[in-house]
Amino acid sequence: MKKLIALALAGAMVLSLAACSTGGNSAKPKNTTINVVTTYAGNDGNAQNYQDAVAAWEKESGNKVNDASATSDESFKARVLTDFEAGSEPDVLFFFNGVDANPIVSSGKVVSIDTIRKEYPDYASNMKDGMMGASPVDGVNYSVPVNGYWEGMFVNKKVCEAAGVEIPGADTTWEQFLDICQKIKDAGYAPIAASLATVPHYWFEFTIYNHLSTTTHNVLPTGVDSVQGKGWIAGLGDIKTLYEKGFFPDNTLTGTDDETVQMFIDGKAAFLIDGSWKVGGIESATDDIDNFTVTYVPGMGDRKSTDIIGGLSSGYYITKKAWDDPDKRAAAVSFVSYMTSDEMVSKFAQVSATALKKGVTVDESALSSLAKDGLKMIAGATGMTGAVQDQVPTEARVPVFDGMPKLVTGEVDITEAVQQVLDLLKK
Amino acid sequence: MGLLQQYYDIIAKALYYEKKGDIMNSVLYKKKFPLLVFLIPAFIFMIVFLYIPFFQNILNSFKNISGLGTAATGYNSPWYSNYVEMFNDANMRVALRNTFLMIIATVVFEVGVALILALLVDNIKRGAKFYRIVYFFPIVVSATALGLLFNLIFLYDKGMLNQLLEFFGKSSLTDWKSKALAITTMMIPVVWQYVGFYFVILITGLNNIPGELYEAAAIDGASRFQRVKFITLPLLFNVMCTCVVLAVTGALKVFDLPWVMFPKGMSDTWLTGTYMYYHAFNTNNVDYSSAIAVLIVVLGIILSKVVNTVFKEKDY
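Residues numbered from 1 in each chain as written. Chains lettered and ligands numbered in written order. Predicted model: local features only at pLDDT ≥ 70, side-chain atom pairs only at ≥ 80, totals over all residues. Heavy atoms only, no water.

**Concerning the pairing of strand S8 (residues 307–311) of chain A**
All names here are of chain A.
- In terms of burial, S8 is a largely internal element, 5 of the 5 residues being buried.
- Of the two faces of S8, both are covered, the one formed by Asp307, Ile309 and Gly311 as well as the one formed by Ile308 and Gly310.
- As paired elements, strand S4 (residues 149–156) and S8 share 3 bridges and run antiparallel to each other. When the bridges of S8 are listed, Glu151 appears paired with Ile309.
- Pairing analysis gives 3 bridges linking S8 to strand S10 (residues 383–385), with the strands arranged parallel. Counted as the bridge partner of Ile309 is Thr385 from S10. (Buried < 20%, exposed > 50% of the residue type's maximum accessible area, 1.4 Å probe, protein only. Helix = DSSP H or I, 4+ residues; strand = E, 2+ residues; numbered from the N terminus. Pairing = 2+ DSSP bridges.)

**So, the sheet that holds strand S1 (residues 33–37) of chain A**
Residues and elements named next belong to chain A.
- Read across the open sheet, the 4 strands follow the order S2-S1-S3-S9; overall the sheet is mixed. The sheet is open, and its two borders are formed by strand S2 (64–67) and strand S9 (314–318), each paired with just one other strand. Strand-to-strand twist across the sheet, computed as the mean angle between neighbouring axes with direction ignored, equals 25°.
- Inspection of the sheet shows strand S3 (residues 92–96) paired to S9 by 5 bridges, in the antiparallel sense. Paired with Phe96 across the strands is Ser314, a residue of S9.
- Strand contacts of helix H2 (residues 47–61): S1, S2 and S9, with the helix running at about 150° to S2, the strand carrying the most contacts.
- The strands that helix H13 (residues 326–339) touches are S1, S2, S3 and S9; relative to S1, the one it contacts most, it runs at about 45°. (Axes fitted to C-alpha atoms, helices over the stretch in contact; angles between N-to-C directions. Contact = heavy atoms within 4.5 Å.)

**What about helix H11 (residues 278–285) of chain A?**
All names here are of chain A.
- If you check which residues of H11 are buried, you get Lys278, Val279 and Ile282. Seen from one end, H11 has its buried residues packed into an arc of 110°, which puts them on one side.
- At its buried positions, H11 is contacted by S4, helix H10 (257–265), strand S6 (269–275), strand S7 (292–295) and helix H15 (369–379). (Arc of directions from axis to C-beta.)

**Description of empty space enclosed by the protein**
- The tally for this structure, following the rule as stated, stands at 4 cavities of 30 Å³ or more.
- Lining the largest cavity, in full, are Ala193, Ala194, Ser195, Val199, Tyr202, Trp203, Asp257, Leu272, Ile273 and Asp274 of chain A.
- Every element with two or more residues in the lining of the largest cavity is listed here: helix H8 (201–209) and S6 of chain A.
- With 3 residues, the single largest contributor to the lining of the largest cavity is S6 of chain A.
- Within the lining of the largest cavity, the residues separate by chemical class into 7 nonpolar, 1 polar and 2 charged.
- What the second largest cavity holds in volume is close to 40 Å³.
- Residue lining of the second largest cavity: Asn251, Thr254, Gly255 and Glu259 of chain A together with Phe154, Leu155, Tyr156, Asp175, Trp176 and Lys177 of chain B, and that is the complete set.
- Each residue belonging to the lining of the second largest cavity can be placed in one class, and the counts come to 4 nonpolar, 3 polar and 3 charged. (1 Å grid on protein atoms, 1.4 Å probe; cavity = no way out; pocket = protein on both sides within 12 Å on 5 of 7 lines; lining within 4 Å. Points joined across faces, edges and corners; volume = space filled by probe spheres on them. Nonpolar A, V, L, I, M, F, W, Y, C, P; charged D, E, K, R; others polar.)

**Considering the pattern of salt bridges**
- Under the counting rule described, the total for this entry stands at 15 salt bridges over all chains.
- The salt bridge partner of Asp129 of chain A is Arg117 of chain A, with a shortest N-O separation of 3.0 Å. Note that Asp129 of chain A is positioned in the loop between helix H5 (113–119) and S4 and Arg117 of chain A in helix H5, a separation of 12 residues in sequence.
- In this structure Asp129 of chain A comes out as partly exposed when scored by relative accessible area, which is 38%.
- By relative accessible area, which is 18% here, Arg117 of chain A ends up buried.
- Ionic pairing is found between Lys268 of chain A and Asp157 of chain B, a salt bridge with its closest N-O pair at 2.9 Å. Taken together, the positions of Lys268 of chain A in the loop between H10 and S6 and Asp157 of chain B in the loop between helix H7 (143–153) and helix H8 (160–167) put the pair across two chains.
- A residue is classified by how much of its surface remains accessible, and Lys268 of chain A, at 29% relative accessible area, is partly exposed.
- Shared partners join several salt bridges into a network, and the residues in it are Lys406 and Glu411 of chain A together with Lys179 and Asp268 of chain B. (Salt bridge = Lys/Arg side-chain N within 4 Å of Asp/Glu carboxyl O.)

By themselves, these observations are geometric and do not establish any function.
Right, dumping it as structure tokens:
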């Protein structure tokens, strides 16, 4: 008898639980949690903006974000690609749109903008399609960009003043720049703050650019004798010359980027080539922001000094995994739309490039003098091209990036190093 | 303090039971079933997470894998090409040379300094516990934190050492990470970190030497130095052998601290461990990295065998 009662009670409990469950689903749509991975973390200038935006979207939509953002470096890239390979990709990913994303695009694990627009016609409609950063795999747009970048030469004004030299401008040629550097060196300062050991790529880009042009720079060499191949060899030769003249800090082959940037902030070096993201970094590192400005990297040949490097190299992807999940599809689209709205892009981009049709809305009165100088530089640019390194996979960069110390000291021949890059590209 | 004492006790007991092994065997291992119950899960764990990846790694070293987590696109042509490349790779030669230097530094300085410190601490009556904690302390600090700490000490501009030298009148800054000084700069923190580890092992060995021997020697008129030479060192020989084996195999795996201080083999400071990591995580050359890992294992086995043969333990 007891067994019968127990069985009846258990049955009633199971039925009531099942009823609760069914009733819950039909009564109210459940809120969704989406997994998001971005590079807005660590010391990224927009890390806090991102956190605020995520919190605001969660409040507005009622959905939740399971955030696994991390600082952008090679380990981060490897982790993202491994996650896709292992089938544990996020629902929304903020990632590079160049060759780094080729494996995830080729595998069909991200959804194209056109596919999304079939169901959500307004998706990314505030962006210029031609500037969104089409995939090198098939020329199709998969990601919606937020903030782009430009690269320019930051200047410590007091160092230039102490050395009695003019700050390089739109008309300064490469030869004049070398004279300026010599005077700064003679005055006891390091002309250029750069760690050739860890971050040689800014100088790599501009010295190569100086031997090419806006139209030919962002094209991979087909051989060491091609136009680009010769440009690469000549550009790397210029870095070697700068090193031999003693224009880099004494510890350029052993110091880190943090160390050389600190030298620049401390008034021990005059020039620093870096990206638009450095504006915020310098603002937070100094009490005297008016002592710093940003200008064009002096050019030569077909490249005018006012021809700059910039573009939109990252964007938000929606993965196929999220797209195929009826619960997550709408949440993912809503999240990306929120993060790429005009208002949000303006907040994130500030002085950097964007793909917005209407452009950014920035309150200039709230900007520092350095940020304003950045805007002026962009406004005066006569041409812009993307960084060619974005087309070179990590493993192929090794001979000229990691090998830079040996190139400038002459331990490795520059032509051989460029040939090695080309061989690795063919692989 | 309590934890440290427990650590000493465990090592002391382990050394004691090693000698009493036969007695333990006869009593404890009569019933086999409970033994299997406890051993099989650990065995399965080892198979899944150590031996299968190990053999897979050997297989990977023959394949073409262009990124972590990326499937292989087939076998290399020829399949042993990574091993041929290793012989022609100048950085690999640098890594092997530096690793052997690291082994020598580890044996001579880590074990050597630890032995001297252990002998000194064993001979003092007051403050022995204090010194044990002080020398053991670097072991409990993470290698990454130590790397950052030593980065600040050896920093070119405003580093502790350069500021001290400036204070004593040196006019120019020294680049401690330049090629000429890089190996020394890298090895000092590594050696410093692990002295405490061997110190603990040696001091436990010293504690196991019966006090009566010293008392008898003292009555016979032996000086302190003679007691160390004729009692301590011979009776500590087996423990020192263990330390040397651990030091040699440990030096082959050193990675974290050198990587934090000298990323990407800066100033030719490659070690086998850092070079393997570099190819796996920085250049996406996973198959070559696997081949280096195989080489590290082979070297480890050969060197352990050589060290075991040279420093053969003695029965007393």
